[in-house]
Amino acid sequence: MIAQSSSSKKSMLKSPCTLDVHTFLVGRPVEEVKDVDSYRAHLPERSVQASDLCTEFTEISPAMVVKVAASGGMELLSTEENSKAEYRYVTVRAPRLAGFPLKCFTWFLETGMTSSLILPKLKKDNLITKTLVESKYDEPPMYIPQFPREAARLVQEQMVLQVQPDTVPTDSVVSAVRCLPPQALDKVYNEVEDKQYSFRHWTIRDYAQAYISGRLTPIQVAERFISAVEDSQNQGMNLFSAMDSRDVLAQAAESAARYKKGQPLSVLDGVPIAVKDEIDCLPYATTGGTTWLGEVRQTKDDAQAVKCLRSCGAVMVGKTNMHELGMGTTGINPHYGATRNPYDKTRASGGSSGGSAAAVAAGICPAALGVDGGGSVRMPAGLCGVVGLKPTFGRTSNVGVLPLNWTVGMLGTLTGTVEDALIMYAAIQGALPHDHIVSFPPPANFPLLMDSHEETMRRGKLMGNLKFAKFSEWFNDSDEPIRKACCRAVRLVQQLYDTQVVEVTIPELEEMRLAHFVTIGSECFTSLGMDYQQSGLEASGGDVRVGFSIYESFNSREFIAAQQMRFRQMHYHNEIFKRADIIITPTTGATAPLLRRNAENCGELDYGLGAKLMRFLIAGNFLGLPAISVPIGHDEDGLPIGLQLIGRPWSEATLLHVAAVIEVCTLILHTSR
């Protein structure tokens, strides 16, 4: 079940078995098209506008972009390529600590006299004081991601199927499946009969077809799933923190009965889906990766997303491991073990949805739920070589999700393919009337990913008019293997479709990172601080204890300034989206880091590594923008590399469409070597 060799590692990046790569791209079979130039020769001339694929986004609300009358405050900067804003290469000034040194540092921070000396110095050295106390901003604070009302009306995506907000999850999933190409059944049948049967390459539709054909039953799959989880645990992978075998088998039996009657609820019926231990899912307690929170906060019902998946017949197979309270980027959990990367067991899976990402990457299940508050879906997706989707803030309901971060965190999905990302998105999308959001979503669009000749020709025209925004200094601030792989993937898209890359500047990126840190920390401490101090302090890992000490030190002036920075960044990104459709970046600045043995028992404090892994992820959370990570290759050690696409509000269909094209382009790069 775990990737062992370099060949098996690379095979995990195969596109969906249902997709004919060459037909999808240019509408010609492989024997007619031999190289990139030939591909381009078969593409039609561009004759449509960029809006055929992407949303129109114009300046529609002066409140979003206005400069408040100057009173000595920081001016808003240009996002043009020649902007005077400079990219700041920052080294986080904080020690890497684990083991006994971390315990000592924790004690110092929790002791009044020494903490009063250490915390101000940490803030000053890492520019929090300069950015959020000494700098003056004239803009009003934006306390929650807020999009103009007209933005929803101006979403004019083409090549999509639209579903209305009141569509039930089963019908929504049916609509998503209608957007996919016909399924190739030979692979499903052959693998079922193969004695070396593996979960690894199976998509959601593979499971459904195997059930419908009678070649497999949900009960058989559940039994194999349970065996796979036990096997992975014996190998020290630590993918799951809780799994109730009886409950899994009971759900599978109900699904098998529906298939026997010929009445499956949807394509998800009987499919094993894992759930991050930050999301309520009965019969499990929601612990957030702790040993104490499940006792303080009782789980009384399923989260809304889990209810949606259950209504589609999905088998909810257990809780995946996570970095304790989401306060880290490695997936090291001193209570449930460090979640290991299926590509290399000595490497981290990423945080904090590492268990969900690794379970999908290992082939144990085709999809899992995660929560993304600081790249916590996209980061492990990039490190584990799977697809990680974080929709627009408010597109899905956070009811039943631990309140670790109200305004920056939201549900996301981890899947093996873009196809499965679409199906999962279809199942869980939809806000509830009482959700605590300001901007309610418009009807959801699903991208038409069919591979007919007509659809392929339309796709070629649309992609040719697409504009990627690239801030080169930021893009290139990543390790060389990542930079090269991402540039290679973007270049292939350009070669195939003449897609234009627009150079932009995104001012104040470091300031946004610090503002996000203050925001997520303040919200977490406000939500859990009292319970933590009463029940969790002694029971928590060292990195969590350090985190809470820092979070508690944030004051109202820093918090308000952070929300003013949110306003400024919303302005900058709106300006960029007037000239481009998608912002492209690597997903992470480095591939999966090594797991250090001295960190596994009490956690690890490494804010420098965290900043590098989170470098490109903050806007999706702080501004609530939709984003997706797509695997595009490996470094020389066989570790996965991801490319991130950041879109306009409510443009999930555009991101999924482009991600599907990149997924296929990646296969071309792989098979051409």
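Residues numbered from 1 in each chain as written. Predicted model: local features only at pLDDT ≥ 70, side-chain atom pairs only at ≥ 80, totals over all residues. Heavy atoms only, no water.

**A closer look at the environment of Val-90**
Then comes step 1: Relative to the elements of secondary structure, Val-90 occurs in the loop between α4 (62-65) and β1 (97-98).
Then comes step 2: A C-alpha to C-alpha distance of 7.7 Å links Val-90 and Glu-510, two positions 420 residues apart in sequence. (Helix = DSSP H or I, 4+ residues; strand = E, 2+ residues; numbered from the N terminus.)

**A word on helix α5 (residues 99-109)**
Then comes step 1: Regarding α5, the residues found buried are Gly-99, Leu-102, Phe-105, Thr-106 and Leu-109. Angular distribution of buried residues about the axis of α5 spans 110°; they occupy a single face of the element. Across from the buried face of α5, at angles greater than 90 degrees, the exposed residues are Phe-100, Lys-103 and Trp-107.
Then comes step 2: Contacts from the buried residues of α5 go to β1, α6 (112-125), α23 (542-553) and β15 (604-605). (Buried < 20%, exposed > 50% of the residue type's maximum accessible area, 1.4 Å probe, protein only. Arc of directions from axis to C-beta. Contact = heavy atoms within 4.5 Å.)

**A look at the side chain of Ser-266**
Then comes step 1: Along the chain, Ser-266 falls in the loop between α13 (245-260) and β4 (272-276).
Then comes step 2: For Ser-266, a relative accessible area of 9% gives the class buried.
Then comes step 3: Once residues within four sequence positions are removed from consideration, Ser-266 is found in contact with Val-173, Tyr-259 and Cys-312.

**Describing unusual backbone geometry**
Then comes step 1: The linkage connecting Leu-282 with the following residue, Pro-283, adopts the cis geometry, with an omega of 10°.
Then comes step 2: Backbone torsion omega between Gly-351 and Ser-352 reads 0°, so that peptide bond is classified as cis.
Then comes step 3: Position of Ser-352 relative to the elements: it lies in the loop between β7 (344-348) and α16 (354-361).
Then comes step 4: With a phi angle near 55°, Met-159 is a residue other than glycine that sits in the positive phi range.
Then comes step 5: Tracing the sequence through the fold places Met-159 in the loop between α8 (149-153) and β2 (160-163).
Then comes step 6: In this structure, Glu-508 takes a positive phi of about 60° despite not being glycine.
Then comes step 7: We classify Glu-508 as buried; its relative accessible area is 10%.

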